[in-house]
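Coordinate analysis (summary)
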Amino acid sequence: MKTQDFDFYLPAELIAQYPAEQRASSRMLYLDGINNQLQDALFSDLPGYLRAGDVVVFNDTQVIKARLFGKKDSGGRVEVMVERVLDDRHVLAVIRASHAPKPDSKLLLADAIPVTVIAHEQEFYTLCFEHERTVTELLECYGQLPLPPYITRPATLADETRYQTVYARNSGAVAAPTAGLHFDVNMMNQLRAMGVIIAYVTLHVGAGTFQPVRVENIADHTMHSETFHIPQATIDAIQQAKTTGGRILAVGTTSLRALEACAMLHHGQLVAGYGDTRIFITPGYRLQVVERLLTNFHLPCSTLLMLVSAFAGMENIQRAYQHAVTERYRFFSYGDAMLIERKS
């Protein structure tokens, strides 16, 4: 398939620059991929699409303050975006600079953190933070929240709350699992009171989630690696639901990728533990775990648009996105939601 098969026209003014006033006040487009039907709704209507015994799986990753500014030994300015914390001293990062720093060169970040460039492979650098405090402590103290590139304003203090889910608890992502941003505590409690089972996975979202597919044929695209963890309690909840008629709803493409990657690694079975995945879900991929998906609206020609096209069918997604543009839905991380029933 061609990358251009997943392009669409999006007016710039539909790219949400700020979150909705209240988390649960967004709109929601319901797409029934089985019956090829669309329905305009509100996110607050979500409980009406669920029933007791359903399992809703959330990604409980927490966004770190991954953006740092500084300078090279030569005095040139650099911007460092941490992609992954490797240990207490080392990170994998993307560096923006007028001239790419070489291995063994030195950086000074935030006027406080001496850094040595260890290695450079493709777009990623391995960096060593030469400081008595851990990387996690330094990022929390000196880092800035990494808003997505299509939000064209500086991060504010409010973003430090609104660009995190209310259930975030495992630090490590450089981008929020944005479908979860719609949930507030009241909605979570309402679902529990209905008998809906709340479960969690952890997938630390990398900056690669924003990268466009730059190859002509999507089969030539290489996904960035992401780490995930699935606890036994989540597997038990899913297996119970499968035997009693409950449905599995993944909140966000990250929750879906964690579950489907685990099933792929273990021949269709879910096994508790940690893993790394480069899973690339495109039309024709046979999903094994998730039957329903709550997600936001995604970038043209992106891997996430390809994923939802695999989930609901390409024609259904094309029609839904055209409808969303016509009806002035808000797009991307701070935008509106979409609830999708899997096509098959």
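For the structure, check the block above.
Since the model is a prediction, treat every value here as computed from it, not as a measurement.

As for unusual backbone geometry
Its identity as a non-glycine residue notwithstanding, Asp111 has a phi of 55°, on the positive side. Locating Asp111 in the fold gives a position in the loop between strand 8 (106-109) and strand 9 (113-121). Located in the positive-phi region is Arg328, a residue other than glycine, with phi close to 65°. In this structure, Arg328 sits in the loop between helix 7 (314-326) and strand 17 (337-341). Judged by relative accessible area, Arg328 falls into the partly exposed class, the value being 44%.

Examining the layout of surface pockets
There is about 640 Å³ of room inside the largest pocket. Lining the largest pocket are 28 residues, with Gln122, Glu123, Phe124, His224 and Arg278 positioned closest to its centre. Elements with a minimum of two residues in the lining of the largest pocket: strand 6 (77-85), strand 9, strand 10 (124-129) and helix 6 (303-312). With three residues, the single largest contributor to the lining of the largest pocket is strand 9. Residue composition of the lining of the largest pocket, grouped by class: seven nonpolar, twelve polar and nine charged. Reported here for the second largest pocket is a volume of approximately 460 Å³. Taken together, the elements giving at least two residues each to the lining of the second largest pocket come down to strand 6 and strand 7 (90-97). No other element matches strand 6, which puts four residues into the lining of the second largest pocket.

Some points on the pairing of strand 8
Taken residue by residue, a regular strand's side chains alternate between the two faces of the sheet. With burial as the criterion, only one face of strand 8 is covered, namely that bearing Leu107 and Leu109; the residues Lys106 and Leu108 on the opposite face remain uncovered. In this structure, strand 5 (residues 67-72) lies alongside strand 8, joined through three bridges in antiparallel fashion. Counted as the bridge partner of Lys72 is Leu107 from strand 8. The sheet contact formed by strand 8 and strand 9 spans four bridges and is antiparallel. Residue pairing across strands places Leu107 opposite Val115, the latter belonging to strand 9.

Considerations on helix 6
For an α-helix the count is 3.6 residues per turn, leaving residues at separations of three or four pointing the same way. Most of helix 6 sits out of view: ten of its ten residues are buried. Within the sequence span of helix 6, burial applies to Thr303, Leu304, Leu305, Met306, Leu307, Val308, Ser309, Ala310, Phe311 and Ala312. Looking at the buried side of helix 6, the elements it contacts are strand 1 (27-32), helix 5 (253-265), strand 16 (292-296), helix 7 and strand 17. Looking one or two residues past helix 6, Gly313 carries a phi angle of roughly 100°, positive in sign.

Thresholds applied
- Residues numbered from 1 in each chain as written.
- Predicted model: local features only at pLDDT ≥ 70, side-chain atom pairs only at ≥ 80, totals over all residues.
- Heavy atoms only, no water.
- Helix = DSSP H or I, 4+ residues; strand = E, 2+ residues; numbered from the N terminus.
- Buried < 20%, exposed > 50% of the residue type's maximum accessible area, 1.4 Å probe, protein only.
- 1 Å grid on protein atoms, 1.4 Å probe; cavity = no way out; pocket = protein on both sides within 12 Å on 5 of 7 lines; lining within 4 Å.
- Points joined across faces, edges and corners; volume = space filled by probe spheres on them.
- Nonpolar A, V, L, I, M, F, W, Y, C, P; charged D, E, K, R; others polar.
- Pairing = 2+ DSSP bridges.
- Contact = heavy atoms within 4.5 Å.

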